[in-house]
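Each chain is listed here by its residues.
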Amino acid sequence: MEKREKKHKKKNRSEEAPNGEVAEVIKMEKKEKKEKKKKQKEKKRSIEVSELEPLSANGSEEKKKRKIEETKEKGEEEEDSKTVSVSGENTTDKKYAPLTSFEQSNLPENVLQCCQSFKKPSPIQSHAWPFLLNDRDFIGIAATGSGKTIAFGVPALVHILNKKKQSKKAIPRCLVLSPTRELAQQISDVLSEAGSACGVKTVCLYGGTSKGPQISALKSGVDVVIGTPGRMKDLIEMGVCSLKEVSFVVLDEADRMLDLGFEPEVRAILSQTCSVRQMVMFSATWPLAVHQLAQEFMDPNPVKVVIGSEDLSANHDVMQIVEVLDDRSRDDRLFALLEKYHQSKRNRVLVFVLYKKEAARVESMLQRKGWKAVSVHGDKAQHDRTKALSLFKEGTCPLMIATDVAARGLDIPDVEVVINYSFPLTTEDYVHRIGRTGRAGKKGVAHTFFTQANKALAGELVNVLREAGQVVPASLMKFGTHVKKKVCGGLNAKLYKCG
Ligand code: AMP
């Protein structure tokens, strides 16, 4: 009907206009439409200054609350619109139908308490729970921020509570392995809060801090052990951490764990767990080495749920700016960018560097220039790492320098700008780094320095920029667009040992 009316209007217009002018009018209209579309597109892409200002500067608390709600809802909508693919044996059975509400799970109130502030299950939760609550081995390809901690956390609690019906004793029955200490701590925070509502105790085991309190916690009895591979292995070898009753195992960020070269530790730890166990693996990508690990330790045909894509692609909510420059001009450019992006000194800006020494140098250089900054890198004592991260998270010090230890997994709210002072060793790390901004439906900016030394990655970076509809600078194209063929699953392993 509408179409017919439009056609009719168009016909009338051509009847009204004198000969020769018709084509011109239509041409002008087309031009106008094109201009309008272009403007809309630009508006969508550009990050307005007001969006970069801290919310509190915008006025009343009411406004702030509404804006948070709106962006949260937008984030949820975007998460919902992602494609979900489910594969594996017998996945279409009615009992595995995705949940549309938390109530539909029929779980007790105390178990669902951790979901109280959420309207409905996120896609990964909605798809994972039916399988996990029915004891299936599960592979989830989902990014951090998708709600995956609760996706495996709630079924883990249910598993433990069922086991506790046989014996009330608090012994480790669930193990969660994480590649980094910060991610382990984040998971532990979520699970200990969720567990406290139903009498499940957790402990977080990671290196860089004294073993004493961790050993005491283990001795006093825990149900869930969350840890990083190195410390876990140490404590097992010391005979203070027994995993023989662990029948629910989660490998979080499995690809990163193998990238970091933890495969021997992971294998050694898994071999200590109960042979009859439920295995859950979460990974952002699915390289061959992770696939092999799954084949070895999981059911022959586990369920695999992919939220979005298995291929790494950048978050389209992030405006990517790549600046090709000379190595020595990076410091001055960094000062200029901070003046531009961090003028208010209240918005969160994350600066990524490659090496630990570089992180310390950039931190003190910025401090000398009067910027209040903290840093997170592998040369720092764990206590200082944790402190820096919490100062950044709570906004007391919203400027942080970090190596790739902070590139993945961390759910830091409202990082408005990511600056890549040094380009990472892989394009995957680039995508993870810039993914620290533009979260929960918000827009973000990623400003990247690219130097001659990074030229081998130019082709891959061009592809990432193109896929996300970003501007590809001519200066980057000069390095060529050749993309080196990847050795499948061949993990740039030890190279990563820089954080
Ligand atoms: P992840 O790191 O993947 O566990 O995601 C954690 C983030 O997702 C946190 O900010 C949670 O508050 C948020 N989240 C978890 N579950 C939901 C849900 N069902 N709806 C909305 N946000 C959620």
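See the structure shown above.
Residues numbered from 1 in each chain as written. Predicted model: local features only at pLDDT ≥ 70, side-chain atom pairs only at ≥ 80, totals over all residues. Heavy atoms only, no water.

### Thoughts on the side chain of Thr 451
Part 1 of the argument: When you line up the elements, Thr 451 lands in the loop between β14 (444–450) and α18 (458–467).
Part 2 of the argument: Beyond its immediate sequence surroundings of up to four residues, Thr 451 is in contact with Leu 325, Asp 327, Arg 330 and Phe 479. (Helix = DSSP H or I, 4+ residues; strand = E, 2+ residues; numbered from the N terminus. Contact = heavy atoms within 4.5 Å.)

### Points about the pairing of β14
Part 1 of the argument: Most of β14 is tucked away, with 7 of its 7 residues classed as buried.
Part 2 of the argument: With burial as the criterion, each face of β14 is covered, one bearing Gly 444, Ala 446, Thr 448 and Phe 450 and the other bearing Val 445, His 447 and Phe 449.
Part 3 of the argument: Relative to β14, strand β9 (residues 318–324) is paired through 7 bridges, and the arrangement is parallel. For Glu 323, the partnering residue across the bridge sits in β14 and is Phe 449.
Part 4 of the argument: Where strand β13 (residues 415–420) meets β14, 4 bridges bridge the pair, whose relative direction is parallel. Bridged to Asn 420 within β14 is Thr 448. (Buried < 20%, exposed > 50% of the residue type's maximum accessible area, 1.4 Å probe, protein only. Pairing = 2+ DSSP bridges.)

### Thoughts on the pattern of salt bridges
Part 1 of the argument: Following the criterion strictly, the structure yields 17 salt bridges and no others.
Part 2 of the argument: For Asp 317, the salt bridge identified is with Lys 443, shortest N-O distance 3.2 Å. Of the two residues, Asp 317 sits in the loop between β8 (303–307) and β9 while Lys 443 sits in the loop between α17 (427–434) and β14, which places them 126 residues apart along the sequence.
Part 3 of the argument: We classify Asp 317 as buried; its relative accessible area is 11%.
Part 4 of the argument: With a closest N to O distance of 2.4 Å, Asp 414 and Lys 442 form a salt bridge. Taken together, the positions of Asp 414 in the loop between β12 (399–402) and β13 and Lys 442 in the loop between α17 and β14 put the pair 28 residues apart, joining distant regions of the chain. (Salt bridge = Lys/Arg side-chain N within 4 Å of Asp/Glu carboxyl O.)

### Concerning the packing of helix α14 (residues 330–341) against helix α15 (residues 356–368)
Part 1 of the argument: Running from amino to carboxyl end, α14 crosses α15 at an angle of 55°, the nearest separation of the two axes being 12 Å. Put simply, α14 runs oblique to α15. Here the hand of the crossing between α14 and α15 comes out right-handed. Packed against α14, whose contacting residues are Arg 330, Asp 331, Leu 334, Phe 335 and Leu 338, the element α15 presents Glu 358, Arg 361, Val 362, Met 365 and Leu 366 at the interface.
Part 2 of the argument: Looking at the contact of α14 with α15 residue by residue, the class counts come to 6 nonpolar, no polar and 4 charged. (Axes fitted to C-alpha atoms, helices over the stretch in contact; angles between N-to-C directions. Parallel < 35°, antiparallel > 145°, perpendicular 65-115°, else oblique. Left-handed = near helix turned anticlockwise from the far one by under 90°. Nonpolar A, V, L, I, M, F, W, Y, C, P; charged D, E, K, R; others polar.)

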